[in-house]
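Structural overview for review
Here's the letter readout for the chains.
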Amino acid sequence: MIKITPVMKELLDKALEDGTPCLIGTASKDGHPQISPKGSVAVYDDHTLCYWERSHRTSQARIDQNPNVMVYYRNPARKENPYRAGCIRFHGKARIVTGGPERDKAWDLTNHEEQSKDPEKKGAAVLIDLDLIEQIDSTVIMKRD
């Protein structure tokens, strides 16, 4: 069962402030990978992450082609981080949300620094329904039942 812990939430909430934004791994429909930094990754609910997609570039296009993504978090300097090498990998399926209450909630969860880079709120929410959370050595922390 996936249930994001308060420690994971705290780590993600502080990632940009700590200078360690999450990296989002996406792949095209034919499997070509890409990694992009995202400074707005947040916990949407117990089993979902979100971020604000303001660039509307390659990551968004790849999610439209292939919803499988991985969010990579690493910050071994945070003393409350109990994960091996300070790393957590979140695997799931992403979807783009361009309107409605889900988009509004993701915007509200977006940190102020990232909101200030999209003052006209032209971005979209990306929601990631998690299937697996693991450490850097592939030790499973949680997985979907």
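So, here's what we can say about the structure. (Residues numbered from 1 in each chain as written. Predicted model: local features only at pLDDT ≥ 70, side-chain atom pairs only at ≥ 80, totals over all residues. Heavy atoms only, no water.)

1. Describing the overall build of the protein
What counts is decided by this rule: Strands here mean DSSP runs of E at least two residues long; helices mean DSSP runs of H or I at least four residues long; both are numbered from the N terminus. For the exposure calls, accessible area comes from a 1.4 Å probe over protein chains only, and a residue counts as buried if that area is under 20% of its type's maximum, exposed if over 50%, partly exposed in between. Two residues form a contact once any of their heavy atoms are found within 4.5 Å. Calculation of accessible area relied on Shrake-Rupley with a 1.4 Å probe; when residues are assessed, cover is drawn exclusively from the protein chains displayed. For the charge count, each Lys or Arg is scored as positive and each Asp or Glu as negative, with His and the chain ends excluded. Charge coordinates come from a single atom per side chain, which is NZ of Lys, CZ of Arg, CG of Asp or CD of Glu.
When helices and strands are tallied, the protein shows 4 helices and 8 strands. Taken along its principal axes, the extent of the C-alpha atoms in the protein is 40 × 35 × 25 Å. Residue burial in the protein is summarised as follows: out of 145 residues, 46% are buried. Sequence separation of 24 or more characterises 68% of the internal contacts of the protein that already satisfy a separation of 6 or more. When the accessible surface of the protein is split by element, carbon and sulfur atoms take 50% of a total near 7500 Å². Counting 22 positive and 22 negative side-chain charges, the protein places the centres of these two groups 3 Å from one another.

2. Notes on the side chain of Arg103
So the rule is basically this: Any carboxyl oxygen of Asp or Glu that lies within 4 Å of a side-chain nitrogen of Lys or Arg is treated as forming a salt bridge with it.
Positionally, Arg103 belongs in helix α3 (residues 101-109). Of the buried charged residues, Arg103 lacks a salt bridge, with Asp104 as the closest side chain of opposite charge at 4.4 Å. The residues contacting Arg103, other than those within four sequence positions of it, are Trp52, Val97, Thr98, Lys121, Lys122, Gly123, Ala124 and Ala125.

3. Quick look at the nonpolar core
Soluble globular proteins: nonpolar side chains tend toward being buried together. Applicable threshold: In these notes, a set of buried Ala, Val, Leu, Ile, Met, Phe, Trp, Tyr and Cys residues joined through side-chain atoms within 4.5 Å is what counts as a nonpolar core.
By size, the foremost hydrophobic cluster in this structure holds 25 residues, and its most contacted members are Leu49, Phe90, Ile128 and Ile133. Those elements giving two or more residues to this core turn out to be α1 (6-14), β1 (22-27), β4 (48-53), β5 (68-74), β6 (87-97) and β7 (124-134). Counting 9 residues, the second largest nonpolar core, distinct from the first, contains Val97, Ala106, Trp107 and Ala125.

4. Remarks on the environment of Leu132
By secondary structure assignment, the location of Leu132 is in strand β7. Discounting chain neighbours no more than four positions away, the residues touching Leu132 are Ile2, Arg89, Phe90, His91, Val140, Met142 and Lys143.

5. Side note on the layout of surface pockets
Rules: Cavities and pockets are found on a 1 Å grid laid over the protein atoms alone: a cavity is a set of points where a 1.4 Å probe fits but cannot escape, a pocket is an open set with protein on both sides within 12 Å along at least five of seven lines, and a lining residue has an atom within 4 Å of such a point. Grid points are joined across faces, edges and corners, and a volume is the space filled by probe spheres set on the points. Put simply, Ala, Val, Leu, Ile, Met, Phe, Trp, Tyr, Cys and Pro go in the nonpolar bin, Asp, Glu, Lys and Arg in the charged bin, and everything else, Gly too, in the polar bin.
Considered as a void within the structure, the largest pocket measures approximately 250 Å³ in volume. Along its surface, the largest pocket is lined by 17 residues, and Pro37, Lys38, Arg54, Ser55 and Arg57 are the ones closest to its centre. Per element, the largest residue contribution to the lining of the largest pocket is 4 residues, and it comes from strand β2 (residues 33-38). Here the residues of the lining of the largest pocket sort into 4 nonpolar, 7 polar and 6 charged. The computed volume of the second largest pocket comes to approximately 180 Å³. Lining the second largest pocket are 13 residues, with Leu12, Asp13, Leu16, Gly39 and Asn111 sitting closest to its centre. Where the lining of the second largest pocket is concerned, the elements lending two or more residues are α1 and α4 (112-116). Here the lining of the second largest pocket is built from residues that sort into 5 nonpolar, 5 polar and 3 charged.

6. Quick notes on the pairing of β5
As a reminder, the rule being used: Only when DSSP finds a minimum of two bridges between them are two strands counted as paired.
Where burial is concerned, the two faces of β5 differ: the one with Val69, Val71 and Tyr73 is buried and the one with Asn68, Met70, Tyr72 and Arg74 is not. Note: β1 against β5, 3 bridges, orientation antiparallel. Bridged to Leu23 within β5 is Tyr72. Here β5 runs beside β6; their pairing, made up of 7 bridges, is antiparallel. The residue bridging Met70 from the neighbouring strand is His91, located in β6.

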